[in-house]
Every structure is written in C-alpha cells, then in structure tokens.
4 protein chains.
Amino acid sequence: MIVVMQQNATGEQIEAVVGRLEKSGFQVHLSRGVERTIIGIIGDRTRLGDMALEAMPGVEKVMPVLQPYKLASRAFHPEDSVVMVGDLAIGGEEIHVMAGPCAVESREQLLEAARQVKAAGATILRGGAFKPRTSPYSFQGLEEEGLKLLAEARELTGLKVVTEVMDVRTLPLVAEYADILQIGARNMQNFFLLREVARVDKPVLLKRGLSCTIEEWLMAAEYIMSGGNHKVILCERGIRTFENYTRNTLDLTAVPVVKYLSHLPVVVDPSHGIGKWRFVPTMARAAVAAGADGLLVEVHPNPAEALCDGPQSLTPENFAHMMKELRGVARAVNRQLAGGVADV
Amino acid sequence: MIVVMQQNATGEQIEAVVGRLEKSGFQVHLSRGVERTIIGIIGDRTRLGDMALEAMPGVEKVMPVLQPYKLASRAFHPEDSVVMVGDLAIGGEEIHVMAGPCAVESREQLLEAARQVKAAGATILRGGAFKPRTSPYSFQGLEEEGLKLLAEARELTGLKVVTEVMDVRTLPLVAEYADILQIGARNMQNFFLLREVARVDKPVLLKRGLSCTIEEWLMAAEYIMSGGNHKVILCERGIRTFENYTRNTLDLTAVPVVKYLSHLPVVVDPSHGIGKWRFVPTMARAAVAAGADGLLVEVHPNPAEALCDGPQSLTPENFAHMMKELRGVARAVNRQLAGGVADV
Amino acid sequence: MIVVMQQNATGEQIEAVVGRLEKSGFQVHLSRGVERTIIGIIGDRTRLGDMALEAMPGVEKVMPVLQPYKLASRAFHPEDSVVMVGDLAIGGEEIHVMAGPCAVESREQLLEAARQVKAAGATILRGGAFKPRTSPYSFQGLEEEGLKLLAEARELTGLKVVTEVMDVRTLPLVAEYADILQIGARNMQNFFLLREVARVDKPVLLKRGLSCTIEEWLMAAEYIMSGGNHKVILCERGIRTFENYTRNTLDLTAVPVVKYLSHLPVVVDPSHGIGKWRFVPTMARAAVAAGADGLLVEVHPNPAEALCDGPQSLTPENFAHMMKELRGVARAVNRQLAGGVADV
Amino acid sequence: MIVVMQQNATGEQIEAVVGRLEKSGFQVHLSRGVERTIIGIIGDRTRLGDMALEAMPGVEKVMPVLQPYKLASRAFHPEDSVVMVGDLAIGGEEIHVMAGPCAVESREQLLEAARQVKAAGATILRGGAFKPRTSPYSFQGLEEEGLKLLAEARELTGLKVVTEVMDVRTLPLVAEYADILQIGARNMQNFFLLREVARVDKPVLLKRGLSCTIEEWLMAAEYIMSGGNHKVILCERGIRTFENYTRNTLDLTAVPVVKYLSHLPVVVDPSHGIGKWRFVPTMARAAVAAGADGLLVEVHPNPAEALCDGPQSLTPENFAHMMKELRGVARAVNRQLAGGVADV
C-alpha cells in the first residue's frame with residue numbers, strides 16, 4: 001500500500017502517518033518527490049484494510065499495490081486448481097457443460113430436459129428449486145419438491161446437479177441434494193451466506209455480481225476459501241452496463257484475466273449474460289475460445305411455456321446443435337468437451 | 001404490455017400469440033402497421049411476468065407499458081406516505097438526520113458519537129453491529145454486543161436507532177433492538193431477507209443496490225409491502241459507474257423521480273454515495289434541496305481511528321457545522337430540520 | 001508515478017526499468033517490499049505519459065500518483081478563476097442562468113424565448129444554430145441564419161449568447177456571433193476542435209462527455225488552456241449509466257469535486273442531465289445547493305412544438321417559477337442569482 | 001412508435017395527440033386498457049423523431065417500436081454486405097487481420113512492423129498519422145509525414161492501409177493515402193465528420209464509441225450511408241464500464257447482435273478493448289469464434305519503446321504466434337484467415 005500525502009502536507013502530518021504505521025508493526029519507506037511525499041508500507045496487507053489512513057490530516061489518497069486476496073491468487077497457488085465434482089474434473093483439460101431449465105417446474109419438464117441435455121453431451125444438470133425473482137408476483141420455485149426432482153433426474157441420467165442456494169436456513173437442505181452449490185449473482189456479496197457455504201464440503205459455483213469488479217469477485221471467493229472450502233468454481237454471467245439490447249454485457253475478457261490473477265476454474269453463463277437465446281450458441285463458442293473451463297446454459301423442453309427466463313432458453317434441438325459446434329472450437333484451443341456423445 | 005412481432009411474422013404466429021393470451025384470460029388489441037404487427041395486452045399485469053412471450057416464434061420483443069410494481073406506486077396511494085418511527089414522522093414536513101459511526105466499535109466510541117450527533121440535531125442514531133465487509137480479513141462487527149450498546153445509547157440520548165440486518169437468522173435479534181431495520185445495498189435483492197422483513201412490524205430503511213435501477217428498487221419495496229409491511233423508507237446511496245474519483249455516483253435525481261413514481265419517503269446517504277468526507281456536507285445540502293426526507297450520515301469521534309469507513313466519516317465538528325448550514329437550505333425549500341437544536 | 005514490478009521480477013528487469021528512467025532524466029526511488037519491488041519516479045510528469053513502462057518485462061503495473069493536468073489544477077492557481085463574459089462574471093458570487101431553446105428554430109420562437117427568459121432573470125441566452133443530432137433524418141439547425149437570429153436577440157434583450165461550435169471550419173463563423181463558445185459533450189475529446197478553440201479569445205463552455213471521468217474532463221480543459229485560452233467554464237450535463245428512467249445520470253457531486261481539484265468555474269445543465277422537464281426545477285435547486293456557478297436550462301415557448309428536445313424543455317411559466325425558488329436556495333448557500341428581477 | 005398516456009389523461013388530451021399526429025399525416029391506432037390509453041402510430045418513422053410528443057399534456061412516455069435506422073438494417077438489405085478494399089473482401093468468408101503500430105513513429109519502425117505483420121499473415125496495415133491523445137503533452141502523430149510512410153509501406157509490402165481521420169480539414173489528405181478511413185471511437189458521433197466521410201468514395205472503419213449503444217453505433221453508420229457511402233465496416237473496440245482492471249470491456253456479444261440487426265461487416269479491436277497485450281491473443285480467438293469478419297491488432301517492433309499504447313501492443317513474435325492459433329479457430333467456425341502464410 002502507498003500513502004500519497006497532500007502537496008502542502010506538513011512534516012508533522014507525515015510523521016503522524018509514519019508513526020501510526022510503525023506502531024502497528026509495519027515498515028515504511030519514505031519517498032520525497034518534487035511535489036509530493038509518498039509513504040510505502042511494507043507488512044501484512046490483510047491487516048491494513050482497517051486502518052483509515054485516508055482520514056488522517058494531510059493524506060491525499062491511499063493506493064493499494066497488491067491485490068487484497070491471498071488464497072485465491074495465482075501467487076499463492078501457481079498451478080491451476082481442479083475442482084472435483086464426484087468424478088468430474090472442473091478446470092482440467094475437459095470442458096464441462098452444465099445445462100437445464102432455469103427453474104424446476106414439474107417432474108415431466110425436468111426429466112425431459114435432463115434426458116435431452118444428457119443426450120447432447122452435458123455432464124451436469126442445472127435447475128433452480130429456489131428462485132430469486134425480481135417480482136414478488138412471479139413463480140418462486142418448487143423448493144424442496146424441486147430438489148427431490150433434481151435428485152431423481154440425477155438418479156436416472158447420471159448427471160451431476162448444480163442448483164442455487166439463496167439462504168443460510170435452506171443451505172443444509174440444498175447441500176443434501178446438490179453436487180454443486182450455486183451462489184447467484186445477487187448473493188455474491190451476501191457475506192453471511194459465503195461464510196456458511198465455506199463450512200460445507202461441497203463445490204461452490206460462485207457467480208459474478210452484476211456490478212462487481214473482478215477483484216471483488218475474487219474477494220468473494222476468498223471469503224469461501226478463508227472459511228475452509230477451497231472448491232470454488234467462478235462463473236462469469238454478464239455485468240450491467242448502459243447497453244440495453246442485451247440483458248447484460250458478457251465480459252468474456254474476465255476469463256483470461258481471472259486465469260492470470262487466480263488459479264480457480266472459470267465457467268461462463270451466456271444465457272444470463274445475454275438474455276436472448278438467439279445469441280447464446282455463438283457466445284458459447286466464444287467463451288470456449290476465451291478459455292472457459294465450462295458453460296452454464298439454459299435449456300427448456302418448451303421455452304415459450306417456461307415459468308422463468310424462457311426468452312433466453314435454448315430448445316433441446318438448438319442445444320444439441322450448439323454442442324456439436326463447440327467440439328470443433330474446443331479442439332482448436334487444445335481442449336475437448338466432456339460428455340459421452342459421439343463427435344459426428 | 002405490448003408484443004412487437006417480427007417483420008416477417010406469419011399470420012399463424014400472430015394467432016398463436018393471440019390465442020395463448022386469450023386462453024390465459026387477457027384481452028388483446030391488434031394493430032397492423034406498415035412494417036410490423038403489434039399486439040396490445042389488456043389485463044392483470046402481475047400475471048404477465050411469467051409468460052415467456054419472447055420465446056414464441058415470430059415475436060421480436062415484448063415491451064412493458066406499466067410499471068411492474070403496484071403497492072409502491074403513486075397511483076395506488078396518491079398521497080405521500082409518512083412512516084412513523086416512534087413519534088418521529090419520516091416523510092412529513094420535517095427532515096430527519098440519522099447519524100453515527102459506520103460500525104459500533106466500543107461503548108466509549110458509540111456513546112460519544114451519540115451525544116455528539118444528538119447535540120448537533122440528529123434524531124436517529126446509525127451504527128452497524130453486523131457489518132458486510134468486502135474483505136474476510138476486516139472487522140466484521142460486534143454483533144449482539146453492538147446491538148446492546150445501541151440500545152444503551154438510545155436510553156441515554158433519546159435518539160432512535162437504525163441498524164443493518166444482514167441475515168434472516170439474526171433478524172429477530174436485530175428487530176428486538178432496532179427502531180428501523182436497515183437493508184443494505186448488497187441485500188436489496190436478497191429476496192428471502194425481504195420476505196422476512198415484510199413480516200416484522202418495524203420500519204425498514206431500504207438502500208438502493210449499487211447497480212439497481214429505480215424500478216428494481218421500487219420492486220424490492222414491493223416485496224416488503226406485498227408481504228404486509230408498508231413502512232418502507234427508501235435510501236439513495238450512490239450507484240456504480242465508470243467514475244472512480246468518488247466511491248459511487250450519488251444519483252440525487254432519484255429523489256424527485258421516486259417521489260413522482262411512488263408515495264414512499266426517500267432519504268439520502270451522501271457518505272457512502274461519495275466515500276470522501278470532504279464532499280459530504282455540500283452534497284447533504286444538495287440532497288435537501290432535491291427534496292430528500294432525511295439524511296444518513298457517518299460521523300465518528302475520531303475518523304482516523306475508525307475500524308470502518310473512516311475516510312468518509314465526518315468529525316463531530318464538521319457534522320455540527322453541516323447541520324447549521326442545512327437549516328437554511330431546508331427553509332429555502334419550505335421544509336425544516338427536525339431536532340431540538342436552536343437555530344442560530 | 002509508481003512502477004510496481006511483478007512478484008518474480010528479476011534484478012535485471014528492475015535495473016532495466018531504473019536505467020531507462022534515469023537515462024530519460026528522472027530520479028528513481030526503489031522500495032523493496034516483502035512481495036514486490038516498487039519504483040517511485042521523480043521528475044516532470046508530463047513527460048512520463050509517452051513511456052510505455054508497462055510494456056517492459058517484469059512490470060506489473062504503473063500507477064499515476066499525480067493528476068495529469070497542470071494548468072487546470074487548483075495547485076497551479078489556488079484562487080477560484082472568474083471568467084468574464086463581457087461584464088458578467090462567471091465563477092464569482094453571482095450565479096448566472098443561461099436559458100433558451102435547444103435549437104434556434106425561427107425568428108419568432110427565438111425572440112419570444114429570449115424575452116421570456118430575460119424577464120425571469122436569465123442573463124445569458126442559449127440556443128443551437130448547429131445541432132449534433134443522433135439521427136441524420138432529424139432537424140440539423142438553421143446554421144448561419146440561426147447565429148444571426150441569436151445576435152438579433154442579444155441586441156434586443158441585452159442577454160449574452162452561448163451557442164455550440166461543432167466543427168473547426170465553422171468556428172470562425174460561430175466565434176463572430178457568440179459570447180461563449182460551447183463544446184458539446186460529444187466533442188469533449190475532439191482534440192482538433194479543442195486546439196482550435198484554444199486560439200480564439202472567447203470564453204469556452206466545456207461540457208463533460210457522456211462517459212468521461214472528471215480527470216478526462218479536466219484534461220480536455222488543459223488542452224484548451226495549454227493552447228492559450230484560460231477562459232474555460234466547465235459544464236456538468238449528466239453521465240451515462242445503467243439507469244434508464246432518466247436520459248443520463250446527473251453527477252452533481254462533480255461540482256464540489258471539480259472545485260476541489262480545479263480553480264475553474266462549473267455550471268450544471270439539468271435539462272440534458274435528466275431529459276424530463278418535470279424534474280429540472282428540483283435538480284436546478286440541488287445544483288445551486290451543490291455550489292454550481294450557473295445553470296444551463298432549456299426553455300421553449302411551446303415545448304410540444306419544439307424541433308429538438310421538447311420533452312426536457314421548460315415552459316416559460318415553469319422557468320419563471322423555478323427562478324423564484326432558486327433565489328432562496330442561492331441565499332441559503334451565501335450566493336445570489338444574477339439578473340435584474342425583483343425577488344418577490 | 002407508441003404513445004402511452006398518463007393514467008389520468010383526459011379525453012381532450014388524447015384527442016390532441018391523435019389530432020396532431022393525423023394532421024402530420026400519420027395513421028393512429030387507439031387502444032384503451034384498464035389503466036392506460038395507448039396510441040399506436042403508423043407511418044414514416046424517420047419523420048417522427050422531431051415531434052416532441054412527450055412534451056404534450058397527458059403523455060406519459062413515447063416508446064419506439066422500430067429501430068431508428070433504415071439503410072443499415074438487415075431488413076433493408078437481407079444479405080451480408082461485403083466491403084471491397086481493393087481486391088480484399090471484408091465480410092466474406094475470409095477473415096482479415098489489420099495490424100501494425102498504434103502510431104507511425106519513424107520510417108524504420110513502420111517498415112519493420114509492416115514486414116513483420118505481413119509475414120505473419122496480416123493483409124492490412126494499421127498505423128496512426130494523426131493521433132487523438134487525451135493529454136496535450138503526449139505525442140500527437142507525424143501527420144502528413146506519417147501518411148507518406150504508410151504509403152511507402154504499402155508499396156513495399158502490398159498491404160492495404162487503414163488510418164484514422166480526425167478532422168474534416170485533413171480528410172482530403174488522409175483520403176489520398178488511405179485505403180480505409182478509420183473513424184475513432186471518440187469521433188463516432190462527430191456528425192460533421194460523418195457527413196464528410198459519406199461523400200468520399202472509400203471504405204470507412206467506424207469504431208464504436210466508448211459509451212455508445214449498438215443502436216447509436218448503427219445510427220452513426222446510417223449517417224454515412226444516408227450521405228451516399230455504403231462501404232461501412234463496423235469495429236467493436238470495448239465500452240466503458242465500472243470494471244477497471246481492463247482498459248475497457250470488450251463487448252463481443254455485439255458481433256452476433258450487429259450481424260442480426262444489420263448487414264454490415266464487423267471487426268474487433270481487442271488491443272483497445274482490453275489495453276493489456278497479455279490478453280489480446282486469447283480474445284482475438286474469442287472474437288473469431290464470435291463471428292468477427294476481421295481483427296484490428298496493435299503490433300510494435302519494440303512495445304516498450306512505443307510512443308503510444310505500448311502496453312497493449314504485441315511483439316511481432318507474439319503476433320505471429322497468435323496468427324497461427326487463429327487459423328484453427330477460424331476453421332472451427334467454417335471461416336478462414338486471409339493472408340498468404342502457409343498453415344503449419
């Protein structure tokens with residue numbers, strides 16, 4: 001961390017900052033420029049966050065030099081982390097596609113979707129039992145009944161299950177049924193939930209918040225990791241910008257950036273990132289080319305009848321077509337799609 | 001709601017949309033233009049949200065005509081709502097200033113802050129016992145001990161207490177001590193928490209999410225209101241933009257806009273909106289001129305020693321000075337500051 | 001400027017950076033921390049911009065410590081600058097209101113508008129003769145004919161004239177008629193235009209670009225000032241964010257921030273910042289409370305017939321009412337409105 | 001276009017809107033819902049832009065139904081447009097890579113860069129002779145001397161030349177030397193420049209503005225096309241968001257979206273979109289997978305000595321490596337890279 005003093009900062013003010021830092025066990029490094037004095041701080045960065053140095057007289061600004069996260073950083077763990085979901089390796093050579101409906105709506109709908117995405121090569125079934133809906137008048141999910149249907153679909157198809165946990169109270173219930181616990185974009189900074197998820201021995205799919213920086217996203221991963229759970233899979237799902245033709249702006253550059261800054265696997269959710277099914281297959285291809293370790297894609301047996309996010313859901317036919325195209329792109333970047341479908 | 005069909009939509013596709021709507025009990029109104037056919041929908045708008053019309057063949061887009069919220073809308077309740085906090089009226093002629101430290105740190109710190117803000121004219125004490133911190137290594141709050149100190153400060157000063165509730169499990173505890181339950185920006189769309197808060201008979205201060213539109217903010221209020229709690233106070237606290245000199249961009253225009261669209265009172269938090277104490281008093285004045293019903297301001301006996309948000313906290317002296325200046329601006333817009341301080 | 005080396009930077013890489021800087025005449029200050037080596041640079045900051053230090057091996061990032069502008073900075077000119085427009089002082093104790101139609105449409109329209117805004121207390125007439133329209137099919141302005149009408153209105157009312165210059169070729173023409181040259185938001189970084197305007201001896205109203213930071217805005221002012229024209233008036237007019245109920249997000253905090261960083265006067269354009277006339281008077285009040293030195297407000301004799309920006313234009317009656325209200329707010333912040341209207 | 005009346009709009013107000021529209025030659029279609037009356041407008045949409053219907057009493061809002069552009073729309077020209085640059089076809093099956101330094105700095109630098117990018121398979125040389133720099137103290141380009149060097153490089157290598165035109169005055173000069181005229185992001189809404197470029201018989205590379213929506217970008221293309229020049233190539237180069245690790249947020253979804261809405265070719269500039277060379281090759285691959293018709297990539301013989309944008313420039317080695325990788329991705333999406341390099 002670096003403290004930049006104001007141009008007219010007095011010697012006393014500079015000494016006060018230095019004195020406080022040294023008293024707290026930091027080494028300081030003073031640099032007097034033509035216009036400003038700069039104080040470099042050497043020591044444990046995680047202890048600096050709580051010092052309100054900017055509130056001290058004569059201080060102009062405090063600039064962090066290092067990232068605020070440790071366990072999530074590439075420096076801490078130079079090799080790529082691979083998160084095992086049963087026998088599936090997320091973050092290895094194979095790319096895993098997680099697909100299924102936005103919400104579990106009925107036994108028939110879910111089982112049909114599960115069979116269809118399995119047939120096309122998905123390895124993990126997605127589907128929400130608890131749904132975060134912006135309107136209190138919208139369908140809010142089947143809750144425990146939905147979780148049971150997900151377990152039944154897993155039983156029948158062999159797919160693993162990823163489903164969202166929205167709440168500390170229902171976490172034990174969701175953890176009982178899910179193979180991967182999904183933290184939704186709106187809960188990325190629900191720190192109580194992050195702390196609880198950290199205590200569960202299950203992989204966590206951590207979606208990036210709608211207006212969260214990459215650094216904040218990695219800090220949310222740090223919450224989970226510092227609590228004891230290192231099985232974090234990051235998921236880019238679009239950020240909010242002024243562009244409104246698409247639901248969000250899919251930030252694919254986040255994929256190589258996160259892989260540079262961190263060792264955690266990254267998957268991409270083009271369905272939420274775009275909000276219009278028409279563009280999902282193309283951007284799924286681009287995500288694979290950008291280095292994604294997996295995809296999260298909404299597929300519904302009949303999107304026009306979906307109770308949630310129909311406009312961004314692929315039909316099973318479009319999904320199967322997309323999967324075929326993905327294989328070539330994966331090969332072109334020296335990866336391959338998981339899933340037991342013959343490559344035609 | 002209006003459905004815009006694609007230019008080359010077939011008669012069959014149009015009939016399919018019309019048929020589905022009529023079957024669901026809506027009236028439709030067909031308008032065939034030169035380039036497009038448009039279908040107007042008449043009926044209960046809250047039931048339309050779950051129909052994935054955009055996923056039907058031939059549909060180009062669906063455009064909402066009405067706001068998605070009802071109870072929070074000005075049309076539903078044409079007069080301004082006044083939310084009573086004990087004997088204090090929020091949303092009436094008087095402007096209430098809620099002030100205090102970001103976090104409750106110690107008995108001494110809190111009681112000193114409480115006495116100071118009371119002396120300067122605040123009517124409500126703010127202070128966090130549970131703190132949402134972006135770093136897991138930062139101070140996370142005194143929890144129940146902090147709530148007890150807030151109650152003690154209330155006892156001693158007569159100030160009401162507003163404090164954040166972060167979690168459904170600790171809600172009963174917080175509700176026991178607080179006069180106003182604060183929902184933080186990061187929890188604005190924590191729908192489980194909103195639903196629980198809706199069941200408590202306490203005023204709720206609902207902060208706007210960092211990247212939430214005004215419409216989403218009012219939908220979050222609708223969640224609380226539709227669950228039975230109409231005592232919602234909205235709080236503008238800055239949105240996230242590309243500008244990075246300030247911590248956020250304080251969207252003061254949201255004040256008159258919300259007052260036009262809704263009947264709920266609105267307060268402004270310039271401390272979080274800006275992040276630098278130096279600009280807080282000026283923007284507090286602007287907030288009052290913009291029609292705010294109150295302010296939420298961070299004040300710390302010694303900002304440089306604050307465990308949280310020191311750089312945006314006012315010293316008690318600066319706060320007292322700000323309060324004096326505010327009185328004139330309040331009068332100029334035909335309001336007055338609450339609080340028993342003689343107006344010099 | 002500070003260079004942060006990568007964690008695994010070699011001694012050779014560090015020496016290469018140091019060597020290059022010293023060869024270019026800078027002093028360096030090396031600080032070796034536990035995890036990183038940091039190189040502080042001392043010397044003329046304006047010469048650093050062109051050194052691509054981030055492209056050197058082993059460099060992680062380069063962090064600027066000082067603002068990149070000089071002439072526009074408060075440090076360069078500690079007192080507030082006052083820009084004279086004839087005998088009107090912009091940036092002094094008096095607040096000036098610049099009002100009139102978006103576009104000059106006809107002699108009748110302009111003269112009527114001029115008389116009306118003058119009667120209500122405006123001191124400067126606004127009106128576009130050249131119009132930057134997002135559609136090529138929209139009205140593009142009366143051009144020289146419009147400039148002549150502005151001059152006629154000035155003759156008749158005594159109001160000064162502010163009008164936009166869009167192009168280096170028409171700059172001499174506009175400069176012949178205008179008292180203040182307006183640089184529109186979309187031209188804030190039209191550097192050729194800035195350089196030409198720098199050579200004209202006329203005050204320049206420099207609007208903030210739709211997605212420009214405060215620092216970039218001050219750098220645009222620096223362009224004009226470094227070219228020889230120090231008569232720059234800054235104009236906040238809203239920035240682009242995800243919020244879409246309003247046309248833009250009016251960033252009123254920019255007013256005190258700019259006054260802290262710079263010595264230049266700042267005015268506010270709530271009409272473009274909001275895009276809906278209904279909220280303009282309230283936000284004009286807030287702008288004055290925030291410390292604005294003036295306002296730019298669209299007023300049209302008949303907004304519904306306006307060829308440009310009717311929805312954000314005030315009627316003359318609403319404008320007159322707004323002006324009355326502004327006087328009280330101005331007094332409350334120890335300023336006063338210019339303009340010879342009796343304060344009722 | 002649809003006019004939504006306020007809930008309490010009177011019959012007179014509705015008639016006034018209808019009457020005005022009919023008088024202007026539009027047909028209207030009235031739809032009275034439970035809560036609102038809606039007026040559909042049928043007729044020439046390009047004539048509607050100038051009617052300030054939102055300013056009429058009783059009108060709540062006006063909602064456009066159709067895109068405001070015509071010539072640029074897919075409906076106007078259902079097949080993909082191919083823009084010929086000499087004998088190179090942009091928008092056909094082959095993907096063209098435009099590469100070279102940010103700025104032309106010297107004869108040696110440019111010719112070396114030209115030879116290197118040609119050897120790696122680029123077909124078009126990029127390089128700025130006039131540079132839009134945010135600081136007046138930065139290198140501003142070699143101007144005509146730079147144009148001559150570009151012509152020399154073309155002569156020697158056979159590469160076509162794309163270079164930026166910043167100003168109407170220097171347009172004839174630039175047009176004399178360039179094969180493609182580049183309109184920079186900051187000039188995307190410089191309407192005078194667009195109108196002039198429309199009169200030149202040269203292909204135009206139109207960069208998307210930093211904070212411009214896709215619709216505004218296509219409207220800027222419409223300016224050029226409606227002025228007579230249909231040879232427009234669109235270039236996505238990143239938009240401005242809150243994320244600040246990267247220079248901008250590269251919006252790759254814009255590629256398939258633009259191809260759906262328009263018939264114009266689209267290329268991608270990952271160098272400016274990201275600002276850090278390290279991530280450019282990966283995102284170039286993603287751009288090709290997203291369907292881009294070409295790439296614009298900064299390559300410098302020695303990035304650390306570059307006078308402009310060194311940190312985002314590839315070395316010739318990295319560029320050659322990227323080109324090899326791109327071939328496989330192109331094949332995977334049934335395209336191929338132009339350029340005469342043997343595919344190893």
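Every chain's residues receive numbers from 1 upward, in the order its sequence appears when written. All chains are assigned letters beginning with A, and all ligands numbers beginning with 1, in the order in which they are written. Per-residue local features of the predicted model are confined to residues with pLDDT of at least 70, and side-chain atom pairs are confined, for both listing and counting, to 80 or more; whole-chain, interface and lining totals are unaffected and use all residues. Each side-chain value is worked out from all heavy atoms of the structure, with water and hydrogens disregarded.

If you look chain A up in an unreviewed UniProt entry, it shows as Phospho-2-dehydro-3-deoxyheptonate aldolase from Desulfofundulus kuznetsovii.

Student: Give me the relation of the copies chain D and chain A: which residues, what numbers.
Tutor: In this comparison the copies share one frame, found by least squares on the C-alpha atoms of residues holding pLDDT of at least 70 in both. Laying chain D over chain A is done by rotating through 180° and shifting 0.0 Å along the axis; what remains is an RMSD of 0.0 Å. What the superposition gives is, in effect, a two-fold axis relating one chain to the other. Considering only C-alpha atoms, the part of chain D nearest the rotation axis is Ala286(D), at 2.2 Å. By definition in these notes, contact holds between two residues if any of their heavy atoms fall within 4.5 Å. Comparing interface residues between copies, 100% of those in chain D also lie at the interface in chain A; the contact surface is shared.

Student: Tell me about the relation of the copies chain C and chain D, and please be specific about residues and values.
Tutor: Expressed as a screw operation, the relation of chain C to chain D combines 0.0 Å of axial shift with a rotation of 180°, fitting to an RMSD of 0.0 Å. Taken as a fraction of all interface residues of chain C, those also at the interface in chain D reach 98%, which identifies the copy contact as same-surface.

Student: Lay out the pattern of salt bridges with the relevant residues and their values.
Tutor: In what follows, salt bridge is the name for a side-chain nitrogen of Lys or Arg lying within 4 Å of a carboxyl oxygen of Asp or Glu. Inspection of every chain in the model, using the stated rule, returns 80 salt bridges over all chains. Measuring nitrogen to oxygen at the nearest pair gives 2.8 Å for the salt bridge that ties Glu243(A) to Arg208(D). One end of the pair, Glu243(A), is in the loop between strand 12 (232-236) and helix 7 (254-261); the other, Arg208(D), is in the loop between strand 11 (204-207) and helix 6 (214-226), on a second chain. Each member of the pair, Glu243(A) as well as Arg208(D), carries the same accessibility label: buried. Between Arg335(D) and Asp293(D) there is a salt bridge whose closest N-O contact spans 2.6 Å. Of the two residues, Arg335(D) is situated in the loop between helix 10 (316-332) and strand 15 (336-337) and Asp293(D) in the loop between helix 9 (280-289) and strand 14 (294-298); the sequence distance between them amounts to 42 residues. The same class applies to Arg335(D) and to Asp293(D), which are both buried. In the salt-bridge network here, residues are joined through shared partners; they are Asp167(A), Arg169(A), Glu196(B) and Arg199(B). Secondary structure follows DSSP: runs of H or I at least 4 residues long count as helices, runs of E at least 2 residues long count as strands, and numbering of each begins at the N terminus. Here the term buried applies to any residue with accessible area under 20% of the maximum for its type, exposed to any over 50%, and partly exposed to those in between, with areas from a 1.4 Å probe on protein chains only.

Student: I'd like to hear about the interface of chain D and chain A, residue by residue, with values.
Tutor: Taken together, the contact pairs 35 residues of chain D with 35 residues of chain A. The buried area of a pairing is the accessible area, by a 1.4 Å probe, that goes missing from both parts when the two are put together, added over both. Approximately 2900 Å² of surface area, both sides summed, lies buried where chain D meets chain A, with 74% of it carried by carbon and sulfur atoms. Connecting chain D to chain A are 2 salt bridges. Residues adjacent in sequence count toward polar contacts only when both atoms are side-chain atoms; beyond that, a polar contact is any pair of N or O atoms within 3.5 Å, and within protein one must be able to donate a hydrogen and the other to accept it. Our count for the contact surface shared by chain D and chain A stands at 8 residue pairs in polar contact (both at pLDDT 80 or more). The biggest single contributor to the side of chain D that touches chain A is helix 9 of chain D, with 5 residues. Looking at the side of chain D that touches chain A, its residues break down into 21 nonpolar, 8 polar and 6 charged. Only Asp, Glu, Lys and Arg are considered charged, only Ala, Val, Leu, Ile, Met, Phe, Trp, Tyr, Cys and Pro nonpolar, and every remaining residue, Gly among them, polar.

Student: I'd love a proper account of the environment of Gly86(C), names of residues and values included.
Tutor: Here Gly86(C) shows up in the loop between strand 5 (83-85) and strand 6 (88-90). Sequence separation of Gly86(C) and Gln7(C) is 79 residues, and the distance between their C-alpha atoms is 59 Å.

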